[in-house]
Amino acid sequence: MFAKLARSLLGRQVVLASVIKSPARFIMPYTTIERGQPNSVDYRLYIQDEQGPISPLHDIPIYSDAANKVFNMVVEVPRWTNAKMEITMKEIMNPIKQDTKKGKLRFVANCFPHHGYIWNYGAIPQTWENPEHLDESTGCKGDNDPIDVLEIGYRVAKRGEILQVKVLGTVALIDEGETDWKIIAIDINDPLASQLNDIGDVDKHFPGLLKATLEWFKIYKIPDGKPENKFAFNGEAKNRDFALKVIDEVHKFWRALVKKEVDAGGISCANVTVGDSPFAVQRSDAVDVVEKSPKPGDALPIEPIVDKWHYVSLK
């Protein structure tokens, strides 16, 4: 009897050991709440933790592992999709919604050979590119949004998913006269993550991706009648250390914002976890916001024109 029990316990230990050693995706305690109808102006995607709704901008920590410089990333747009989804800066609890122009939903054009966004696109929480701060390295002010992230791993993420990413470098898009940093990163659970540690590793393991990234940002607004976008540093991608300094700076700008040390300019700073913030609200208030939003419904059809290919020549 005791021998049988011992064998059983030993078997459990072996199973447990194999579970510990096996590569497994680390799951953060965040889920999503859909409200309104997808593909409509009423659609909202709220983020919640185990206790209820939160702000993805303010309540998700910037780091998932500060000691190893692993950042959280809020996925706004999964790779290969066209809907221009973004964290809403001016709505309470900052849900993800689709951007609009003149009352119509915005989609990025398919600029041949690129289909939709060519990476998982999103933002690092607890960051803010201050529109009143003149960046010395670019000569332009910030774009009033959290800092953008291009996640280049193999897996197509889900809208509203929170990834843990390793920063590799950055490029500085100058978008209509504003500094719009694009952080290049990889999901730490990607099979190649351990082999990518700086910007030089991207071309080594993903040849052509940096070139395609620069081209994508240069031309993606041309089908809308806008000029080709420009980059600071002649499009040179800066390394990991440079990118980390940029992230640290925009995190400090966010701290000033959420502590009411600077004018929010209409940005909703309501949060449920930032203890020293004068904008803190009760959990029940966050629940009320979600419950008062439009009820979830079936997705509306997308106009076929979204699938059109645009053939754009660079000058």
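Preceding this section is the structure that the text describes.
Fair warning: this is a prediction, and the values are worked out from it, not measured in the lab. (Residues numbered from 1 in each chain as written. Predicted model: local features only at pLDDT ≥ 70, side-chain atom pairs only at ≥ 80, totals over all residues. Heavy atoms only, no water.)

Details of the pairing of strand β11 (residues 120-123)
So, step 1. The alternating pattern of β11 places N120 and G122 and Y121 and A123 on opposite faces, both of which are buried.
So, step 2. The sheet contact formed by strand β5 (residues 70-77) and β11 spans three bridges and is antiparallel. Looking across to β11, one finds that V77 is bridged to Y121.
So, step 3. As paired elements, β11 and strand β13 (residues 148-151) share four bridges and run antiparallel to each other. Across the sheet, the residue bridging to G122 is V149, located in β13. (Buried < 20%, exposed > 50% of the residue type's maximum accessible area, 1.4 Å probe, protein only. Helix = DSSP H or I, 4+ residues; strand = E, 2+ residues; numbered from the N terminus. Pairing = 2+ DSSP bridges.)

A closer look at unusual backbone geometry
So, step 1. The residue after F112, namely P113, is reached through a cis peptide bond having omega 5 degrees.
So, step 2. Looking at the element boundaries, P113 is found in the loop between β10 (110-111) and β11.
So, step 3. Not every positive phi belongs to a glycine, and K69 is a case in point at roughly 55 degrees.
So, step 4. Along the chain, K69 turns up in the loop between β4 (63-65) and β5.
So, step 5. For W80, which is not glycine, the phi torsion reads 75 degrees and is therefore positive.
So, step 6. Take W80: it is sitting in the loop between β5 and β6 (85-87).

As for helix α5 (residues 283-292)
So, step 1. Taken as a whole, α5 has its buried residues at A286, V289 and V290. Along α5, the residues classed as buried sweep out an arc of 95 degrees about the axis, all on the same side.
So, step 2. Contacts from the buried residues of α5 go to β1 (31-35), β2 (44-49) and β3 (52-54). (Arc of directions from axis to C-beta. Contact = heavy atoms within 4.5 Å.)

A closer look at the environment of E228
So, step 1. Note that E228 resides in the loop between α3 (209-219) and β16 (230-231).
So, step 2. E228 sits 36 residues away from L192 along the chain, and the two C-alpha atoms are 33 Å apart.

Regarding a nonpolar patch on the surface
So, step 1. A surface patch of nonpolar side chains, amounting to about 360 Å² of accessible area, comprises F112, W309 and Y311.
So, step 2. Note on placement: F112 falls in the loop between β10 and β11.
So, step 3. Assessed through its relative accessible area of 44%, F112 is described here as partly exposed. (Patch = residues over 30% accessible without salt bridge, like charges linked within 9 Å, V, L, I, M, F, W, Y side chains within 5 Å. Areas by Shrake-Rupley, 256 points an atom, 1.4 Å probe, with all protein chains shown as cover. Salt bridge = Lys/Arg side-chain N within 4 Å of Asp/Glu carboxyl O.)

Considerations on empty space enclosed by the protein
So, step 1. Scanning the entire structure with this criterion turns up two cavities of 30 Å³ or more.
So, step 2. What lines the largest cavity is simply E129, N130, H133, D135, C140, K141, G142, T179, W181, E249, V250 and F253.
So, step 3. Of all the elements in the fold, those that place two or more residues in the lining of the largest cavity are β12 (141-142), β15 (178-187) and α4 (240-258).
So, step 4. If you tally residues by element for the lining of the largest cavity, the top one is α4, at three residues.
So, step 5. Partitioning the lining of the largest cavity into residue classes produces four nonpolar, four polar and four charged.
So, step 6. Taken as a whole, the second largest cavity encloses approximately 40 Å³ of empty space.
So, step 7. Forming the walls of the second largest cavity are P38, N39, S40, Y43, M85, Q98 and R159.
So, step 8. Of the residues assigned to the lining of the second largest cavity, the class counts are three nonpolar, three polar and one charged. (1 Å grid on protein atoms, 1.4 Å probe; cavity = no way out; pocket = protein on both sides within 12 Å on 5 of 7 lines; lining within 4 Å. Points joined across faces, edges and corners; volume = space filled by probe spheres on them. Nonpolar A, V, L, I, M, F, W, Y, C, P; charged D, E, K, R; others polar.)

Observations regarding α4
So, step 1. Here α4 contains 19 residues, and its C-alpha end-to-end distance of 27 Å stays within 8% of the 27 Å for a straight helix at 1.5 Å per residue.
So, step 2. Buried residues along α4 sit in contact with β5, β14 (162-175) and β15.
So, step 3. For α4, the N-terminal cap is N239; the gap from its side-chain oxygen to the backbone nitrogen of D241 is 3.3 Å.
So, step 4. Residue K260 follows α4 closely and has a positive phi angle near 65 degrees. (Expected span 1.5 Å × (residues − 1). Polar contact = N/O pair within 3.5 Å; in protein donor to acceptor, adjacent residues only side chain to side chain.)

Describing the pattern of salt bridges
So, step 1. Tallied over the full model, the rule gives 16 salt bridges.
So, step 2. For R106, the salt bridge identified is with D99, shortest N-O distance 2.8 Å.
So, step 3. A residue is classified by how much of its surface remains accessible, and D99, at 15% relative accessible area, is buried.
So, step 4. Between R155 and E161 there is a salt bridge; the shortest N-O distance is 2.8 Å.

A closer look at the pairing of β5
So, step 1. Judged by how many residues are buried, β5 sits mostly within the fold: eight of eight residues are covered.
So, step 2. Here β4 runs beside β5; their pairing, made up of two bridges, is antiparallel. Each bridged residue has a counterpart across the sheet, and for Y63 the counterpart in β5 is F71.
So, step 3. Strand direction decides the pairing type here: β5 and β14, joined by five bridges, are antiparallel. Paired with M73 across the strands is L163, a residue of β14.

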